[in-house]
Amino acid sequence: SVNSIYEYKDLLFVGTSEGLFVQNKQLADYTEPLFIPVEHLRQAVWSMDEGNGSLFIGTDDGLYRMQANRKIEKISDSDARCVSFCTDKNALLAAGTRGLSYFEYIAEYGMWVNMFDVMAENYSFNRMETETDTAGRLVVWLGTNNQGYVRVLFNDSDTKAEVFNENNGIVEGMTSPLKYN
């Protein structure tokens, strides 16, 4: 099944339960496949986002970064059902069955580093939406499997997470936040 579609460097990338596929632009005729598998990503791909010229890819096996030359590197072993690059903070967010992780690129080390985890236990996140509030804080809304919504507010000095579930009138079941402007 198809989980995500993203256009990156004028090519369509399709994340499926069988791995990541890329549009075949060298298609001579329709006897060739329209999409071909991307090597090294043959596991379920759930989400993708672009930032700093790279494509970030969330899988059950971990979080990956694809550079413009299609070189792939693994950033983290934690599953990443949802991925979001926050341009304002130059940060990468990844969420899955192990909570929400906040990554920053550390040029000195030449790598993405997990700075901290939020709500790392007992939550399984399936969807993420981000925004910046009027105070300039990063706000992350997370959908879960049967646990309600989670709103995370990032401040310079601390991070605050709030859960909205059946105690707040949210109907039990899978929740997926949607951004409405």
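This one's a predicted model, so the numbers in the text were calculated from it and none came from an experiment.

Conventions adopted
Residues numbered from 1 in each chain as written. Predicted model: local features only at pLDDT ≥ 70, side-chain atom pairs only at ≥ 80, totals over all residues. Heavy atoms only, no water. Helix = DSSP H or I, 4+ residues; strand = E, 2+ residues; numbered from the N terminus. Buried < 20%, exposed > 50% of the residue type's maximum accessible area, 1.4 Å probe, protein only. Phe/Tyr/Trp six-rings, centres within 6.5 Å; stacked < 30°, edge-to-face > 60°.

Caption draft 1: Quick peek at the environment of Val 140. By the secondary structure assignment, Val 140 is in strand E14 (residues 138-144). Since its relative accessible area comes to 0%, Val 140 is described here as buried. Taking C-alpha positions, Val 140 is 27 Å from Gly 19, a pair spaced 121 residues apart along the chain.

Caption draft 2: Geometry of the packing of aromatic side chains. Under the counting rule described, the total for this entry stands at ten aromatic pairs. Seen from their ring centres, Phe 85 and Trp 112 are 6.2 Å apart, and the 85° between their planes marks the pair as edge-to-face. Separated by 27 residues along the polypeptide, Phe 85 in strand E9 (residues 82-86) and Trp 112 in strand E12 (residues 111-118) bring together distant segments of the chain. For Phe 85, a relative accessible area of 8% corresponds to the buried category. Overall, Trp 112 belongs to the buried group, its relative accessible area being 6%. Considering the side-chain rings of Tyr 102 and Phe 116, the 5.0 Å spacing of their centres and the 10° angle between planes classify their relative orientation as stacked. In this pair, Tyr 102 is assigned in strand E11 (residues 99-106) and Phe 116 in strand E12, connecting sequence segments 14 residues apart. Judged by relative accessible area, which is 8%, Tyr 102 ranks as buried.

Caption draft 3: Quick peek at unusual backbone geometry. With a phi close to 70°, Arg 70 is a non-glycine residue in the positive phi region. Following the sequence through the fold, Arg 70 ends up in the loop between strand E7 (62-66) and strand E8 (72-76). A positive phi angle, near 50°, is found at Asn 90, a position not held by glycine. Take Asn 90: it is sitting in the loop between E9 and strand E10 (91-96).

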